[in-house]
Amino acid sequence: MTGTAGLNVDEGSEQPATDGSAARPVDLRHRARDAHHTGEATVAAQLPPDDGTGRPDTPDRPPEPDDGPSADDGPSADDGPPADGGPPAEEPAGEYLAVDEPLLAPRAHRPSDLLKFLGGLLLIVLVFVLAQVAVSTTTGIEKDITVNADRIPGVLSKISALVSSIAVLTVPLAFAVERLIKRDGLRVADGVLASVLAYGVSLGVDWWVAASAPEEIRNALTQFPPGGGETLTDPVHGYLAPVIAYMTAVGMSSRPRWRVALWVVVILSGAAELINGNTTPLSLVLTVLIGWSVAYGTLYAIGSPNIRPTGQHLMIGLRKVGFAPSAAHLAPAAPGGTRRYLVTQQAGPLLDVHIIDREQQASGFFYRAWRRLRLRSVAIRRSPQSLRQALEQEALIAYAAAASGARAPQLVATSELGPDAAILVYENVAGRTLDDLADEEVTDPVMASFWTSVATLHERRIAHRRLTGESLLVVDERTGCLVNLSGGDIAAGDLTLRIDVAQLLTTFALRIGPERSVAVATGVLGPTRVAEALPLLQPVGLSRQTRGDLQRMTKERKTAAQALALKQVAAGERTQQQAEEDIARAGEDLLSRIRAQILQIAPEAPLAPAKLERLKPKTLIMVVALAFAAYLALTTIRPDQFKVSQMNWAWAAVALAASAFSYVAAAMSLTGFVPERLPFWRTVAAQLAGSFVKLVAPAAVGGIALNTRYLQKAGIRPVQAVASVGASQLAGLGGHLMLLFAFGLITGSQTNGDLGASRAVIIGVLTAAVLALVVAAVAPLRRFVVTRVRSLLFGVIPRMLDLMQTPRKLFTGFGGILLLTLSFTACLDASVHAFGGGANVTYAAVAVVFLTANAAGSAVPTPGGIGPVEIALITALTVAGVPATAATPAVFLYRLLTFWLPVLPGWIAYNILQRRNAL
């Protein structure tokens, strides 16, 4: 049975209304029933008896008024759904139809409102840019309007201004009265709130344009009124923007007459203002955009009245396409947020009904946009542009799947459910999804059944695209059924079909391991087709859920292996090297293990991964980082603060040399904690590349990640690479504290204890002691720190023991840490001398300033410590006795030499190392 029908649901009415073309009026009487589950309520609707044709037999009399719930009406609470959560039992014909579903939220935050709000903000920014750039164009348009306006009779312009002024107040008031009559006061309240906010934004923009906006923007948005007035016109019309916000917020999209009236009023009012010389074209555009943007921003913030169709609307829609439903039960949602109902008929099988609406279509827009930007078109499915297209696309896939012979639910009917929703009616297939099964229940025959259905679809060039656990319905011990085909494609290409195979291989491997997954797939598809999927076994081509499951599995396996290795090493059952090998095997990702299994059955399988990405994240990060660097360099480093004319170039050259030597010292500090031999100058280049990574990550985080990656590419196993970097960081922390304490004592002795640096050291030590006591006293913090320290020391201590066998390495490592700190201190000290502040502070005091202020500024997780480091260093130098006139340019010179200047060489080194497969 198939059919298509439409059902009109008025947003402002309390009951759904039909057009009368497909069925006679239906008398709905809403009655609340007792909730059987927490958070759920059952609503009963009394429908007329069925006449045997599937349509209600309604007597020729007007519907009775709805007097509200009655204790004598409707079935008792005992007639609700069973306690196990299954669908309600079938009820006799002519009785009440129960709909068991959670109460819908009264308001919904629509993603479409957010998108419109962001789009409005972007257009407002473009208006300001246009006003500042296209000065000649805007001025010419204003002159042309003024010349043509002089030809219009003055009486006509005055009449049009009077009429538009009256209409701009009358239309919103009339619409509010119409909404209140229809008991839609919430929408009126939303409109009033949006209009008040729009008026406030208008006042704020008016003040900004008049007080501090560039002259080009002020000239484009304002003008002196005709007649020699001395007061500029308003950049934003304080009465028109609230009206637009009000009419937009109350909802005009489904009311064409009111929408036409609104735009006629807006156009007449704007034309009258232009003719009378009280505004400019850009001012009118800005007014409309502000009202529009504020309205949608308000609707997204407070939520719009929820008009999503309920189960009662669903019952009427099913009646209109010839079904005779008796009860409905809300089922778990399908992928993408599609609502599902299990509907019991008065006579016939159980139905599985899917409701798709505009809200569900708009959800996940930003994720889909990012995937479309990142991946090639063959790797992602094109989303439908309208609700009608979504309905037709899903119906087409369902019919194509049924015609192919694959085991999938049969689509029996479709119907539009009002202007904003549609339903698809499937025959219900009883079973449990793969996600609901225990691992031992995932048998080879069941998996073979799924592979057979997938092979049948692929023979007809149909791709499923959602072969995750929730789309695999296990009917019995030997049979599986493919569900959730709404995301599929017809006439799919080879790459799309191979992605399907890779996805299903990974889905099964997550449950029962790669060995059985590959073996069963090979038994059904053959080794050739399975081998063709090997290049597609990459996370970027898999579903979002699968990528998360892969990361979680790898993390859990590695954590369990580390815990077991700690116990075995402590008990003497395994050596340290054996334990590290076990951890490395456990950390191998699942996709690599699947590839290894495929290569065992098909050694000739292609190994090169398919190019699915159009834009890699690292490329985007580079572009953003360079743009961010350019912006910050232009805004934070001001030439007037350098006082270049007063700078001592000899000391500036010393500071530059100290900054350059810091990369050699950093390379020494890393190589000294790696027993294996590393190319020294390549290691220096890696440290230089780290100066570029600092732009997009905090310095410590970016440096650790880059050094770990560099060691792995150098042939060092991941566990040992992490241990070496951890040992270097731990030694650096110890060296930092020791140098701080030593320089603090030196500074205190040189100044007889008068300088605050020695007191700062004591305060720092006491603060660290207090933090240690707090961590020890709070159990969750203590467990977190102990777990982290144990996992760190598990690799660091054996690494340090290996290094002790080569004292030269330890000398290089600790010497590099000492030289790194001294280099940065020398750079800062030379920068201070370059601006004449060296006479006020000693080298030891500058060292204390650097060690304390740099650590405090870097604690704020901004890229490279931008902002907090500068503030901390300037403040500390000023406290140490350096005049602010010398401390400020000295700190900017220091940051220029150690942070900004190495960015371009670091970017070059980063790209060279990547091309040489060293990063």
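Keep in mind that this is a model prediction, so the values were computed, not measured. (Residues numbered from 1 in each chain as written. Predicted model: local features only at pLDDT ≥ 70, side-chain atom pairs only at ≥ 80, totals over all residues. Heavy atoms only, no water.)

**Q** Would you explain the overall build of the chain in this entry?
**A** Secondary structure summary: the chain contains 32 helices and 13 strands in total. Within the chain, buried positions represent 45% of all 919 residues. Long-range contacts, defined as pairs at least 24 residues apart, comprise 76% of the intrachain contacts of the chain with a sequence gap of at least 6. Accessible area of the chain: about 44,200 Å², with a carbon and sulfur share of 62%. (Helix = DSSP H or I, 4+ residues; strand = E, 2+ residues; numbered from the N terminus. Buried < 20%, exposed > 50% of the residue type's maximum accessible area, 1.4 Å probe, protein only. Contact = heavy atoms within 4.5 Å. Areas by Shrake-Rupley, 256 points an atom, 1.4 Å probe, with all protein chains shown as cover.)

**Q** Just checking my understanding: could you explain the nonpolar core for this structure?
**A** As a rule of thumb, soluble globular proteins bury nonpolar side chains together. Counting 50 residues, the largest nonpolar core has W451, L472, L482, L505, F508, I594 and I598 as its most contacted members. At the level of secondary structure, the elements contributing two or more residues to this core comprise α12 (387-404), α13 (444-459), β12 (472-474), α14 (494-512), α15 (514-525), α16 (527-532) and α19 (590-601). Considering every element that reaches this core, the biggest residue donor is α14, with nine residues. Among residues more than four places away in sequence, those in contact with L482 are R407, A408, P409, F450, S453, V454, L457, H464, L467, S471 and L472. Grouped together as the second largest cluster of nonpolar side chains are 40 residues, L828, V832, A844 and L851 included. (Core = buried A, V, L, I, M, F, W, Y, C linked by side-chain atoms within 4.5 Å.)

**Q** Explain the packing of helix α30 (residues 868-880) against helix α31 (residues 884-900) here, please?
**A** Two numbers describe a pair of packed helices, the interaxial angle and the distance between the axes. Taken N-terminus to C-terminus, the directions of α30 and α31 make an angle of 140°; their axes are 9 Å apart at the nearest point. In this structure, α30 crosses over α31, and the sense of that crossing is right-handed. Along the contact surface, α30 presents V869, E870, L873, I874, L877 and T878, while α31 presents A884, A887, T888, V891, F892, Y894 and R895. Taken together, the residues of the contact of α30 with α31 break down into nine nonpolar, two polar and two charged. (Axes fitted to C-alpha atoms, helices over the stretch in contact; angles between N-to-C directions. Left-handed = near helix turned anticlockwise from the far one by under 90°. Nonpolar A, V, L, I, M, F, W, Y, C, P; charged D, E, K, R; others polar.)

**Q** Whenever I open this one, the confidence of the model for the chain confuses me. Can you help?
**A** Predicted coordinates in areas of low pLDDT are best not read in detail. Per-residue pLDDT for the chain averages 74, and the proportion of residues at 70 or more is 69%. Of all secondary-structure elements in the chain, the lowest mean pLDDT belongs to strand β1 (residues 30-33), at 32, while α13 reaches the highest, 94. Segment residues 1-96 is flagged for pLDDT under 50; beyond a separation of four residues in sequence, or across chains, it makes 193 contacts in the model. Low pLDDT (under 50) marks residues 752-757, which in the prediction has eight contacts with non-local residues, meaning those over four places away or in another chain. (pLDDT = per-residue confidence, 0-100.)

**Q** What should I look at first to understand the pairing of strand β8 (residues 351-357) in this one?
**A** On a regular strand, one side chain projects to one face of the sheet and the next to the other, so that they alternate. The buried count for β8 comes to seven of seven residues, which makes it a mostly enclosed element. What you see with β8 is no split at all: L351, V353, I355 and D357 on one side and D352, H354 and I356 on the other are buried throughout. As judged from the five bridges shared by strand β7 (residues 338-345) and β8, these two strands associate in the antiparallel manner. Considered in β8, the bridge of R340 is made with H354. The loop that links β7 with its antiparallel partner β8 comprises five residues; one of these, G348, has a positive phi angle of about 140°. Strand direction decides the pairing type here: β8 and strand β10 (residues 421-427), joined by seven bridges, are antiparallel. (Pairing = 2+ DSSP bridges.)

**Q** Mind showing me how you'd approach helix α17 (residues 544-571) here?
**A** Because each turn of an α-helix spans 3.6 residues, side chains separated by three or four positions end up pointing in the same direction. Relative to the 40 Å expected for 28 residues at 1.5 Å per residue, α17 spans 41 Å between its end C-alpha atoms, a close match to the ideal helical length. Following α17 by one or two positions, G572 adopts a phi angle in the positive range, close to 80°. (Expected span 1.5 Å × (residues − 1).)

**Q** Even after reading the chapter, I still don't get the sheet that holds strand β11 (residues 432-433), so can you show me in this structure?
**A** Across a sheet, strands are paired by hydrogen bonds formed along the backbone, either parallel or antiparallel in direction. Ordered in space as β11-β12-β13, the three strands form an open sheet in which the pairing is antiparallel. In the strand order of this sheet, the two ends are held by β11 and β13 (480-482), each with one partner. With three bridges connecting them, β12 and β13 associate as antiparallel partners. From the neighbouring strand, V474 faces β13, where its bridge partner is G480. Running over the sheet, α13 touches β12 and β13 and is turned about 35° from β13.

**Q** Is there a simple way to explain unusual backbone geometry in this structure?
**A** Most peptide bonds are trans, and most residues other than glycine sit at a negative phi. Of note, N484 is a non-glycine position whose phi angle comes to about 60°, a positive value. The topology assignment puts N484 in the loop between β13 and α14. When its relative accessible area of 14% is taken as the criterion, N484 is described as buried. Phi is positive for A491, close to 50°, though the residue is something other than glycine.

**Q** Even after reading the chapter, I still don't get the environment of R376, so can you show me in this structure?
**A** Structurally, the position occupied by R376 is in the loop between α11 (365-374) and α12. R376 gets classed as partly exposed once you look at its relative accessible area, which sits at 37%. For the pair R376 and E613, spaced 237 residues apart in sequence, the C-alpha to C-alpha distance is 5.8 Å. Filtering out sequence-adjacent residues up to four positions away, R376 remains in contact with K611, L612, E613 and R614.

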